[in-house]
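# A look at the structure
Letter by letter, the chains look like this.
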Amino acid sequence: MNPSTLISPSSATPQRSIIQSQFLNPIPLRSTAASATAPRRRFRVSFPRNSASQSDGAASAPSPAEEVFGGKRELTGVQPLVEKLSPPLRLVTSVIVFAGAVAAGYGIGLRVGKTQNTALGGAVVFGAAGGAAVYALNASAPAVAAVDLHNYVAGRDDPRLVKKEEIEGIAKKYGVSKTDEAFNAELCDLYCRFVTSVIPPGSEELKGDEVETIVNFKNALGIDDPEAASMHMEIGRRIYRQRLETGDREGDFEQRRAFQKLIYVSTLVFGDASSFLLPWKRVLSVSDSQVEIAIRDNAQRLYASKLKSVGRDIDAELLVRLREAQLMYRLSDENAADLFKEHTRKLAEENISSALSILKSRARTVGGVTKVVEELDKVLALNNLLISLKNQPDAVRFAPGVGPISLLGSEYDRKMDDLKLLYRAYVTDSLSGGRLEENKLSALNQLKNIFGLGNRESEAIVLEVTSKVYRKRLSEAVTGGDLEAADSKAAFLQSICEELHFDPQKASAIHEEIYRQKLQLCVADGEINEEDVAALLRLRVLLCIPQQTIEAAQLEICGSLFEKVVKDAIASGVDGYDADVKLAVRKAAHGLRLSREAAMSIASKAVRKIFINYVKRARSAGNRTETAKELKKLIAFNTLVVTELVADIKGESSDTLTDEPTKVEEEKVEEKVPEDDEWESIQTLRKIRPDKELAAKLGKPGQTEITLKDDLEERERKDLYKTYLLFCITGEVKKIPFGAQITTKKDDSEYLLLNQLGTILGLSSTEVVEVHRSLAEQAFRQQAEVILADGQLTKARLEQLEELQKQVGLPPQYVQKIIKSITTTKMASAIETAIGQGRLNIQQIRELKQSSVDLENMISETLRESLFKKTVDEIFSSGTGEFDEEEVYEKIPADLHINVKKARVVVLELAKSRLSNSLIQAVSLLRQRNHRGVVSSLNDMLACDKAVPAKPLSWDVPEELADLFAIYLRNDPAPEKSSRLQYLLGIDDSMADSLIGDDRLSPAGAEEKFVF
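Since this is a predicted model, take the numbers as computed values, not measurements. (Residues numbered from 1 in each chain as written. Predicted model: local features only at pLDDT ≥ 70, side-chain atom pairs only at ≥ 80, totals over all residues. Heavy atoms only, no water.)

## Remarks on the overall build of the protein
Counting its secondary structure elements, the protein contains 46 helices and 2 strands. Put simply, the protein has 1012 residues, and 42% of those count as buried. Taking all contacts inside the protein whose residues are at least 6 apart in sequence as the whole, residues at least 24 apart take part in 74%. Roughly 55,000 Å² of accessible area belongs to the protein as shown, and the carbon and sulfur atoms make up 52% of that amount. (Helix = DSSP H or I, 4+ residues; strand = E, 2+ residues; numbered from the N terminus. Buried < 20%, exposed > 50% of the residue type's maximum accessible area, 1.4 Å probe, protein only. Contact = heavy atoms within 4.5 Å. Areas by Shrake-Rupley, 256 points an atom, 1.4 Å probe, with all protein chains shown as cover.)

Spelled out as structure tokens, the structure:
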């Protein structure tokens, strides 16, 4: 059966598009004001009647079923007769007609021909005609049944009311089967038209009852699934064909939507059998993923339309129905959960939008915040309801997605500031009574999760609002006297924090801020009087502020004012530090009630910045003289400004201040002198410790409390000190015309300034001594290297070095160390050169070692290993055949200070390589008739064999090996050597006996008997 012939409309039915046909509501529409604009349609129930009884003049509007299935069909020819005859009666009538035709033919033939043959011929002719009439009568029964079936379905006001029993009755009435071609074709045509009318066309959405309607109608028709599936595929072909014929994009989109809805409905109609009953991929080239997308998208739309009826009164029964709908729509749990969450989020967004409109309204009323809170309470109530439903034991029966609401992923992700305003409003309302209840705390936590606020953001809002409320309550407690009357101030403050759920650490920060504000008011006039001190003490007691916090606040606030005074005093310079500046410093130091340590710390920070500036200018100076001038300015600034500043801070006279450090320094020097007696010979070191007469002549020293010890590295401080020390030694260099230079001699007063510079730089006595010693050593080494250029130390040179020592003042032990270093360096260079040139052997090394020469430090390890390798190679090439293991493996490595294991590896490698080379060399010398060289090479081979015992050696010419052995025997070797050589050369005993006394290699007959 060709499905296209079944889908094609009959000639009695007007042609129309399948997509545009739709199933109309069978209930007659009532006339209302709303439908006045639409054309009114009248519905009339038609009763079964014969086509002959139909009135030609009556014009009636088609029923909804007729619009779907077409109008009623007319019976033609013998079809009206077949309609009136039942199957038994039609059989009897057929028999009568056939018998009557035969009888009439027989009678007519007999009458005309008057013979028996003519009569039989007439009977045959008329019988055939009667049989044809009977056949035509019976053959038209399926067509009549199909027309009756069509008229029955088309005549129903509601095609959904078609009953299976009545259709089976129609088939039974005409004695036909549903498998009959005509009847089955009508069934398929009716089903195809019905399916087309039920599926909404274009962009219209499914209602959700289409599948059930189609399945009921299919069951009522009694059509099999394969035939029904072929009708679905035929509808798909037509939609696909119309999509190809569509020229515009909008039409193509509608056809695609209609095709997706067909796939979805067809899949639900046939269930699991749809995978083989609906071959979309084979027939229409639709992939499995496209089928899944069609099912998913339509299921989501149906489920979303189902969710539109869900409000805030969600209960367990509703969630169970939603779960059933989800399973019926074949929607995955993940997609269903997303849709349900989106729906609940939209419900919450309605309240949030309303709350925002109230909050942002310009005409805000007194109860505006209350209405905002009410809207947010609705959101919280919905959220609590969903959480409670999620936690029920039978929650698995509910629709997926039941749980807390979250605005993450919604449009409010871009409106986070608005959500923060709502959260702030709710926090403010929760704290409006001066305390935060537990239920409000839980509500705030839920609201934070709903809005998607981070912990830091929500905590910042709560902290801001709670801080204001805490300040308000604290102000009321102080002004009302409740806090002062409390037995325990800390317990009273703690109770307020507990009522507000406020962090005590945050409360302490507020207390500190209040104290700081009070302190700033007190120091507005530049000092703190007794009344201010009493007020600050009372505030500290009331707020339970620890002493550490008080000191920190005072140091920061009062310290900033004092720092400004100190900077102004410093900025006045050497000439501007007058009585007014001194008075301002003393007033600030004592009026701001800073401790001496704090005031000195502030002053030290400011002074050290100036010191650093002087140091930077000294570093950037072009030469040593300019650097010394900048350092002199630093010393003068310290003496004239910083010393006075420190005295004013301490409230003492500068004379007293400078005397005390001098005494301290003297005591310090006296303590150090016994330890540094050996350094007193250095002239520069003696000069920085002048006698009392010179110190009194130069004036008072500067302060010693503020130094650069922690600001500069030790190396930098030593470099600055050393630069000025060199300036003291060399004097100032001045340029005169014609490119000449002169050096002005300096007196010992420069060394006193050097001492003050060392104090400013924070150098200890040990570090100062180190600088002087290094400079003295450097000067002595330069002169000594010239004297000991060749490394030889003679008596005359010793006298020169002693004179140089007296001039420099370096202690004897350091002089000896330098001399030894120079001579050792010279000797090490000479030894390495001798080893490199091969002029130094192991015996000379041992002699140097006996002379206490430190060979391990003077000669590198690589050079010592090279010397060992050379010594071993000499042993293997000495020609004696001796190898002393103790000498090679123990004594020589010990003398050269090399690793014994590494030495053994070197010996083994050399022995293996020399063993084969010795044999080759011996054969070569044999061919040259150098018998003494042959014996020497064979001895070398035996020495290598002692180091590495070898196996018998092979050679291409055995006669040459015999000649080698014969030559070796003529030199009367030791028995053990000859036997070992016999083994190595592979000579048996018989050949060895024959070679003893053989004179064929004698010098007289060697020329004639030697055979190559």
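## With respect to the side chain of threonine 213
The residue threonine 213 is located in helix H8 (residues 210-221) in this model. Overall, threonine 213 belongs to the buried group, its relative accessible area being 12%. When near neighbours in sequence (up to four residues on either side) are disregarded, threonine 213 contacts Arg160, Phe194 and Val198.

## Focus: the packing of H8 against helix H10 (residues 249-270)
Between two packed helices, what matters for the description is the angle formed by their axes and the separation of those axes. Taken N-terminus to C-terminus, the directions of H8 and H10 make an angle of 55°; their axes are 9 Å apart at the nearest point. Considered as vectors, H8 and H10 are oriented oblique to each other. When the axes of H8 and H10 are compared, the crossing they make is right-handed. Residues Val211, Ile214, Val215 and Lys218 of H8 touch H10, and the partners they reach there are Val265, Leu268 and Val269. Here the contact of H8 with H10 is built from residues that sort into 6 nonpolar, no polar and 1 charged. (Axes fitted to C-alpha atoms, helices over the stretch in contact; angles between N-to-C directions. Parallel < 35°, antiparallel > 145°, perpendicular 65-115°, else oblique. Left-handed = near helix turned anticlockwise from the far one by under 90°. Nonpolar A, V, L, I, M, F, W, Y, C, P; charged D, E, K, R; others polar.)

## Looking at the nonpolar core
Ranked by size, the top nonpolar core spans 182 residues in total, and within it Tyr191, Trp280, Leu422, Phe451, Tyr470, Phe562 and Leu645 carry the most contacts. When residues in this core are grouped by element, the largest group, 11 residues, is from helix H27 (residues 596-619). Look past the residues within four positions of leucine 645 in its chain and what remains in contact with it is Val566, Ala569, Ile570, Tyr577, Val585, Ala603 and Val607. Membership of the second largest hydrophobic core comes to 47 residues, among which are Phe868, Val934, Ala966 and Ala992. (Core = buried A, V, L, I, M, F, W, Y, C linked by side-chain atoms within 4.5 Å.)

## Description of the packing of helix H13 (residues 288-307) against helix H15 (residues 333-359)
Between H13 and H15, the shortest axis-to-axis distance is 10 Å and the interhelical angle comes to 35°. When you trace H13 past H15, the crossing you get is right-handed. Facing H13, whose interface residues are Arg296, Gln300, Tyr303 and Leu307, H15 presents Asn335, Ala336, Leu339, Phe340 and His343. When the residues that make up the contact of H13 with H15 are grouped by side-chain class, the tally is 5 nonpolar, 3 polar and 1 charged.

## Quick notes on the confidence of the model for the protein
Looking at the protein as a whole, the pLDDT averages 76, with 75% of positions reaching at least 70. Counting contacts from residues 1-60, a segment whose pLDDT is below 50, to residues more than four positions away or on other chains yields 78 contacts. Long-range and interchain partners of residues 1003-1012, a stretch whose pLDDT sits below 50, account for 9 contacts in this model, where long-range means more than four residues apart. (pLDDT = per-residue confidence, 0-100.)

## Description of unusual backbone geometry
In the Ramachandran plot, histidine 501 falls in the positive-phi region, its phi being about 55° despite a non-glycine side chain. Of note, histidine 501 is situated in the loop between helix H21 (489-500) and helix H22 (504-522). Judged by its relative accessible area of 37%, histidine 501 falls in the partly exposed class. In this structure, arginine 593 takes a positive phi of about 55° despite not being glycine. Turning to its location among the elements, arginine 593 is positioned in the loop between helix H26 (579-591) and H27.

## Some words on the packing of aromatic side chains
Aromatic ring pairs are reported here in terms of the distance separating the ring centres and the angle at which the planes meet. Taken as a whole and assessed by the stated rule, the structure comprises 6 aromatic pairs. Judged by centre distance (4.0 Å) and plane angle (20°), the rings of phenylalanine 194 and phenylalanine 217 are stacked. Linking phenylalanine 194 in helix H7 (residues 181-198) with phenylalanine 217 in helix H8, this pair joins segments that are 23 residues apart in sequence. Phenylalanine 194 sits in the buried class, given a relative accessible area of 0%. When the ring of phenylalanine 259 is compared with that of tryptophan 280, the centres are 5.8 Å apart and the planes differ by 85°; the resulting orientation is edge-to-face. Taken together, the positions of phenylalanine 259 in helix H10 and tryptophan 280 in helix H12 (residues 280-284) put the pair 21 residues apart, joining distant regions of the chain. Each member of the pair, phenylalanine 259 as well as tryptophan 280, is classed as buried. An aromatic cluster is built from Phe611, Tyr614 and Phe637, whose rings are joined through pairwise contacts. A cation sits over an aromatic face here: lysine 415 above tyrosine 412, 5.4 Å from the ring centre. Lying across the ring of tyrosine 614, arginine 617 places its NZ or CZ 4.6 Å from the centre. (Phe/Tyr/Trp six-rings, centres within 6.5 Å; stacked < 30°, edge-to-face > 60°. Lys NZ or Arg CZ within 6 Å of the ring centre and 35° of its normal.)

## Overview of the side chain of glutamate 375
Within the secondary structure, glutamate 375 is located in helix H16 (residues 368-390). Of the polar contacts made by the side chain of glutamate 375, one reaches the side chain of asparagine 351; its length is 2.9 Å. Discounting residues that sit within four places of it in the chain, glutamate 375 has contacts with Asn351, Ser354 and Ala355. (Polar contact = N/O pair within 3.5 Å; in protein donor to acceptor, adjacent residues only side chain to side chain.)

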